[in-house]
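Chains, contacts and geometry: an overview
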Amino acid sequence: MGEKKIPLKFEKIIRQMTLSEKASLMSGANFWNTKSVDRLGIPSIMLTDGPHGLRKQGGKEDHLGLNKSIPATCFPTAAALANSWDTSLLEDVGRCLGKEAYAEKVSVLLGPGLNIKRNPLAGRNFEYFSEDPYLTGKLAAALTRGIQKEGVAACPKHYAVNSQETRRMQVDERVDERALREIYLEGFRRVVQEAKPLTIMTAYNKVNGEYANENTRLLKDILIGEWGFSGTVISDWGGNHDRVAALTAGSTLEMPSAGGMTDKEIEEAVAKGLIDESILDEQVDKLLTLIEKTGYQGFGSSPKRELVPDKSTLHEENHKIAVKAACKSLVLLKNDGNLLPITDRNKKVAIIGDFAETPRYQGAGSSLVRPTRLVSFLDAVKNTDLNVIGYEKGYKRVGGKSKRLMKKALDLARKADIVILYPGLDENSESEGWDRKNMRLSDNQLALAEALTSFHRQVAVVLACGAPVEMPFASKVPVILHGYLSGQGGGEALARTITGENNPSGKLAETYPLRYSDVASSPYFPGEILTSEHRESIFVGYRQYDYEEKEVLFPFGHGLSYTTFRYENLSVNGNKVTVTLRNTGPCFGEEIVQLYVSSLQPKVFREKKALKGFAKVALLPGEAKQVDIFLDEYAFSYYHVKLGRFVTESGKYEIGVGASSRDIRLKTVVTVKGETVENPYEGLENTPYVTGKSLAGLTTEDFERLLGEKLPSSLPEKGKQLDADDLIEQARYYGLFGKMLYGLLIFSHKILKLLGKKIAADNVMFLLSLPFRNIATMSGGIIDKNQLEGLLTMINGRFFKGLKQIIRKKK
C-alpha cells in the first residue's frame, strides 16, 4: 500500500514553479536567510540563533555569519532556567525572546536546545535543560509556546542524541532502542505534541549508523509519522551530508547557503527519476507554509506585518524579566547556620573572585548574546546597604599561579566577618565545539579556597558555571549558592538573594556527583573517533546513581530555601495525585513539589524512580495549599523493544512526593491495571543492567547483548585515505602538508586568542571540527567539489596532482 498523499496548501503556486526554483528553496540564500522567488511573490525569511537571547548579526549581506550581533536581552541559559522548574516563567521568557525577534523581523528563532545531559563534561550542557527527559520536555515546551505566541517560529534542537561536541559532525551515537525512546527522544516528543513547534533542527551526528539529518526512522517514521509533526525540518548549520537522502527522509531546509551545489543535486535526482518530484513539492509546501506563518512581507493568506515596538522600552521591560528569571533560577545548595541571607548590616563583608567583577553569565559559541546591559555582582552588591569592606580578584581567571593575588585576597579576608568567594569556569571551559577535559575548577581557585577555609569559618561560595564541577571545599564552607550562567540580570539577582530581598527557590535539574569517575559514561565519553557508545542505556543522571545506590554530592532536584516546608496528606484518585504543602518557616517562599514513580514489581530492568510530575508553589508564612499533579499516559510505562511501543505492565507502583530525588517526604502504593507482556531481554541476567552493579564496568559484550547486534569499529580502517566525510582536524595524521594545514589553523587560533578576538578564535576551532565536504558547501560557491578533491589529494600525499586540480579553472 502506497503512502498517503498529503494535500498541498500552496499547490497553485508550486505548479507555476520551475524545477530549478523549487530546488533553490531547499537551501539558504546566505548564512541566515532563505531564498526568495520574486516573480511569484515568495519572500525570503530570516532565521537566527536565540536559545537564551537573540543573536541577530548585523550587515545586509552577512554570507558567512561573521558580523557583530546587535544588542539583545541575555536571559539565563537553559541550564540555569531549568533550575527554576517554572513553566510559567519559561513561557514568559519565550514571549520576551519572541518579541525581540519580531522587532528585528526574525522569523525563526533557533532554540530551545533540549538534548539530554548524558555526561557532565559535554561542552554545550549549559545550553540544555536537564538529565531528565520529563523535565526537559515540559520546560522546552513552555519556552516554545512563549516564542510562538509572538508570531515567531521556535526551532527545538538538536534532534537527536547530540550528546557531545567532540567530532560531533562525524561521530555515530550508538544507543539501544529503549534508551533512545525513553531518554533521548522523549523530550522532543513532548515539545512536538504539547507545543506544536513550527520547525525542528536536526543534529550533526549519526544515530545508529545514519546521519540524523537523513535518518528516515527519526524523521519520517517517528517525528512525522508517530508524533504528527507537520512543520519544517531544518539542518543544523553545515549539517547536510547527502541532500537527496535528507529530502527523502523529511528534511526540508538546508542551512546555510551551499552556493547552489546541493540544489543541483536535487534537480539531477528528480530529472533522473531517483526521487519523485512530489517529494520535493511536499517539502516546498512546508517551507511556504512556514513563510506564510512567520514572514513579514505578507504571503499567502497572511498580510504584511507592521512593526511598531519601541526597542528601548522592549529591552527595558525584558531586562526586568531577565532579573526575575535569574532570581528564580539560583540554587542554594548549602546554608549551614542560616548564614544567608546577611541580615546584620554591621557584618564586614569581603568579596573575592574575578567572576564577581567580570561576570560569567553565558556560554560560548553560536548562542553568544551581546547583552543590552550588564551589571556585575560586585557593582550590584555595592548598591545595597551591605557593609562591603573590599574586593580582590584572588586568582587569574584562566588559570596559573599568582602569589600576589592570593596574598591580597587572604589579607582582605582576615579583616572580614563574612567572605563571599566567587569561583567558576572560565569562558574557554564551556563552549560549543569542544567538551571539557575534566570536572574540576582550576587549581589556582581550589588553592585559594583551601587557603581561605584554613583560617576562616564564614566563607560563602557563589559558583559561576553551566555544568557540574567537583567541590573538594564543600564540607569546609557553610554556604554554596549556585548562580549557574544567569544572564545579564544575574549580578542583580545574586545581590538580592545575598541580602534577603529574594528567597532562592531553584532546584538542581541535574545531579552533582562526588567525582567524575562516579559517572557511568565516564570510561567511554566522548568515545573513539567514529563512534560513541551509550553503554549505560537508560541509566543517565539520577537514574544511574539511584540504581547503583551511589552517594552523590548534591542530588537531582535539590535546592534549599530561607524558609521551610511540610508535606501533608498524600492521596491518589485516578490520575490525580494530591498533597498539601505548608510553609512552616519565617518568610515567603516557593517550593518545587516533585513526584516520582517507582515500579515495585518490574519484569524488566528499570530505574529505581523516575520524575513524572512537579509543581512550583508559592506560600506565605503559615500558609498551606492543596497541590494537584496529574499523571499522564506515560507515567507507569516503559518502551518495549520487541513490541515497538510503550507499555504499562500490571502491578504495584510507589508514588512518592518530596523536595528532591533523595528527599521523598510522603509515599503511597497504587495498583495499576495494565497488560502482561513477555520480557524482551534474554541473556542479560548477570549484566550490570539487571544487577545494578558497576554500570561503568559494562563490557562490549554486555552492550552488544542489549543492542542485539555487533558494534561497528570505532576506529578508521587502517591505511584509509581521508575523504570528504572526514574532519579537517584529522589532516594532522596525513603527511607533511596535512600537518602544516592543521598547525596553521592552531597557530591562528592562538594568535586570535592573544589579540582578544575570542569569537574569531572560536570560529577557527569550529572550522577544525568540520568535515571536508563543508569546505565546498559552505564556501558560497568559491570552492567546488573538484577543488575539494584536489585538496584531499594533496593531504593524502599526492601534493602536485592535487594542486593542479585546485588551480584548474572550473568548467
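Located above this text is the structure these notes cover.
Residues numbered from 1 in each chain as written. Predicted model: local features only at pLDDT ≥ 70, side-chain atom pairs only at ≥ 80, totals over all residues. Heavy atoms only, no water.

1. Details of the overall build of the chain
The cut-off we apply is this: Per the convention used, a helix needs a DSSP run of H or I reaching at least four residues, while a strand needs a run of E reaching at least two, with both numbered from the N terminus. Summary of the burial criterion: residues with accessible area below 20% of their type's maximum are buried, those above 50% are exposed, and those between are partly exposed, where the area comes from a 1.4 Å probe applied to protein chains only. Contacts are residue-level and defined by heavy atoms, with any inter-residue pair within 4.5 Å sufficient. Only the protein chains shown count as covering a residue, and every accessible area follows the Shrake-Rupley method with a 1.4 Å probe. For the purpose of counting charges, residues Lys and Arg are taken to be positive, whereas Asp and Glu are taken to be negative. His and the chain ends are not included. In plain terms, the charge of a residue is placed at NZ if it is Lys, CZ if Arg, CG if Asp and CD if Glu.
Assigned secondary structure in the chain consists of 25 helices and 28 strands. When its C-alpha atoms are laid out on the principal axes, the chain stretches across 80 × 65 × 60 Å. Relative to its full complement of 811 residues, the chain shows a buried share of 62%. Within the chain, residue pairs in contact and separated by at least 24 positions form 75% of the contacts whose partners lie at least 6 positions apart. Carbon together with sulfur atoms contributes 51% to the accessible area of the chain, which is approximately 31,400 Å² in total. Here the chain carries 110 positive and 100 negative side-chain charges, and the mean point of each set is 4 Å from the other.

2. Details of the nonpolar core
Which entries qualify depends on this criterion: Think of a nonpolar core as a cluster: buried Ala, Val, Leu, Ile, Met, Phe, Trp, Tyr and Cys residues, connected wherever their side-chain atoms sit within 4.5 Å.
Among the nonpolar cores identified, the biggest contains 148 residues, and Ile42, Tyr159, Trp237 and Leu288 are the most heavily contacted of them. Apart from residues lying up to four places away in sequence, Tyr159 is in contact with Leu185, Phe188, Ile200, Met201, Thr202, Ala203, Ala212, Leu218, Leu219, Ile222, Leu223 and Trp227. In this structure, Cys327, Leu378, Leu425 and Ile480 belong to the second largest nonpolar core, which totals 66 residues.

3. Considerations on the sheet that holds strand β5 (residues 172-174)
Going by this rule: When DSSP finds two or more bridges between a pair of strands, those strands are recorded as paired.
One open sheet accounts for four strands, arranged β8-β7-β5-β18; its pairing is mixed. Of all strands in the sheet, those bounded by a partner on one side alone are β8 (210-211) and β18 (531-533). Here β5 runs beside β18; their pairing, made up of three bridges, is parallel. Across the sheet, residue Asp172 finds its bridge partner in β18, namely Thr531.

4. Brief notes about the layout of surface pockets
Our working definition: Think of a 1 Å grid over just the protein atoms. A cavity is a set of points where a 1.4 Å probe fits yet cannot get out, a pocket is an open set with protein on both sides within 12 Å along at least five of seven lines, and lining residues have an atom within 4 Å of a point. Grid points are joined across faces, edges and corners, and a volume is the space filled by probe spheres set on the points. Under the scheme applied here, ten amino acids are nonpolar (Ala, Val, Leu, Ile, Met, Phe, Trp, Tyr, Cys and Pro), four are charged (Asp, Glu, Lys and Arg), and all others, including Gly, are polar.
Taken as a whole, the second largest pocket holds about 1,100 Å³ of empty space. Contributing to the lining of the second largest pocket are 39 residues, with Asn428, Trp434, Asp435, Arg436 and Lys437 lying nearest its centre. Of all the secondary-structure elements, those providing two or more residues to the lining of the second largest pocket are α16 (443-453), α21 (735-754) and α22 (758-768). With four residues, the single largest contributor to the lining of the second largest pocket is α21. Its residues placed into classes, the lining of the second largest pocket shows 14 nonpolar, 12 polar and 13 charged.

5. Some thoughts on the packing of aromatic side chains
Defined as follows: Pairing of aromatic rings covers Phe, Tyr and Trp, the last counted by its six-membered ring, and requires centre-to-centre distances within 6.5 Å; plane angles under 30 degrees mean stacked, over 60 mean edge-to-face, and any other angle means tilted. Only lysine NZ and arginine CZ atoms are considered, and such an atom sits over a ring when it is within 6 Å of the ring centre and within 35 degrees of the ring normal.
Across all of its chains, the model carries 22 aromatic pairs by this definition. Considering the side-chain rings of Tyr134 and Phe614, the 6.1 Å spacing of their centres and the 90 degrees angle between planes classify their relative orientation as edge-to-face. Here Tyr134, found in helix α5 (residues 133-148), pairs with Phe614, found in strand β23 (residues 610-619); they are 480 residues apart in sequence, far enough to count as distant. Each member of the pair, Tyr134 as well as Phe614, is classed as buried. Judged by centre distance (5.9 Å) and plane angle (40 degrees), the rings of Phe539 and Phe605 are tilted. With Phe539 in the loop between β18 and α18 (542-547) and Phe605 in the loop between β22 (589-599) and β23, the pair connects residues that are 66 residues apart, well separated along the chain. Taking the relative accessible area as the measure of exposure, Phe539 reaches 1% and is therefore buried. Taken together, the ring pairs connect Trp85, Tyr134, Tyr542, Phe556, Tyr596 and Phe614 into an aromatic cluster. Across from the ring centre of Tyr296, 4.3 Å away, lies the NZ or CZ of Arg305, which sits over that ring. Lying over the aromatic face of Tyr524, Arg535 brings its terminal NZ or CZ to 5.3 Å of the ring centre.

6. Here's the deal with unusual backbone geometry
With an omega of 5 degrees, the peptide bond between Gly111 and Pro112 qualifies as cis. Secondary-structure assignment places Pro112 in the loop between β3 (108-110) and α5. Look at the link from Phe525 to Pro526: it is a cis peptide, with omega at 5 degrees. Locating Pro526 in the fold gives a position in the loop between β17 (512-513) and β18.

7. Looking at empty space enclosed by the protein
Empty space among the atoms becomes visible once a probe the size of a water molecule is rolled across them. Counted by the stated rule, this structure contains seven cavities of 30 Å³ or more. Each pocket or cavity is described by its volume, and for the largest cavity that value is around 240 Å³. What lines the largest cavity is a set of 23 residues, and nearest its centre among them are Arg543, Ala610, Lys612, Tyr634 and Ser637. Grouping the amino acids of the lining of the largest cavity by side-chain chemistry returns 11 nonpolar, three polar and nine charged. Within this model, the second largest cavity holds a volume of roughly 110 Å³. Around the second largest cavity, the lining comprises 18 residues; the ones closest to its centre are Pro359, Arg360, Tyr422, Gly490 and Gly491. Among the elements of the structure, α13 (354-357) and α17 (490-499) are those that each provide at least two residues to the lining of the second largest cavity. Of all the elements, α17 adds the most residues to the lining of the second largest cavity, at three residues. Across the lining of the second largest cavity, the residue classes break down as 11 nonpolar, six polar and one charged.

8. A closer look at α5
Applicable threshold: Here the expected span of a helix is defined as 1.5 Å times the quantity of residues minus one. Polar contacts, as used here, are pairs of N or O atoms within 3.5 Å; protein pairs need one atom able to donate a hydrogen and one able to accept it. Residues neighboring in sequence count only if both atoms are side-chain atoms.
Under the 1.5 Å per step criterion, the end-to-end length of α5 is 22 Å for 16 residues, consistent within 8% with the ideal 22 Å. The buried fraction of α5 amounts to 14 of the 16 residues, a majority that puts the element mostly inside the structure. The N-cap of α5, judged by a side-chain oxygen 3.0 Å from the amide nitrogen of Tyr134 a few residues on, is Asp132.

9. What to know about the side chain of Arg124
Note that Arg124 resides in the loop between β3 and α5. Polar side-chain contacts of Arg124 include one of 3.3 Å to the side chain of Ser366. Apart from the residues lying within four places of it in its own chain, the contact partners of Arg124 are Lys157, His158, Glu165, Arg168, Ser366, Ser431 and Glu432.

10. Details of the pairing of β23
The element β23 is largely enclosed, with a buried count of nine among its 10 residues. Here β22 runs beside β23; their pairing, made up of nine bridges, is antiparallel. Bridge pairing in β23 places Tyr596 opposite Leu611.

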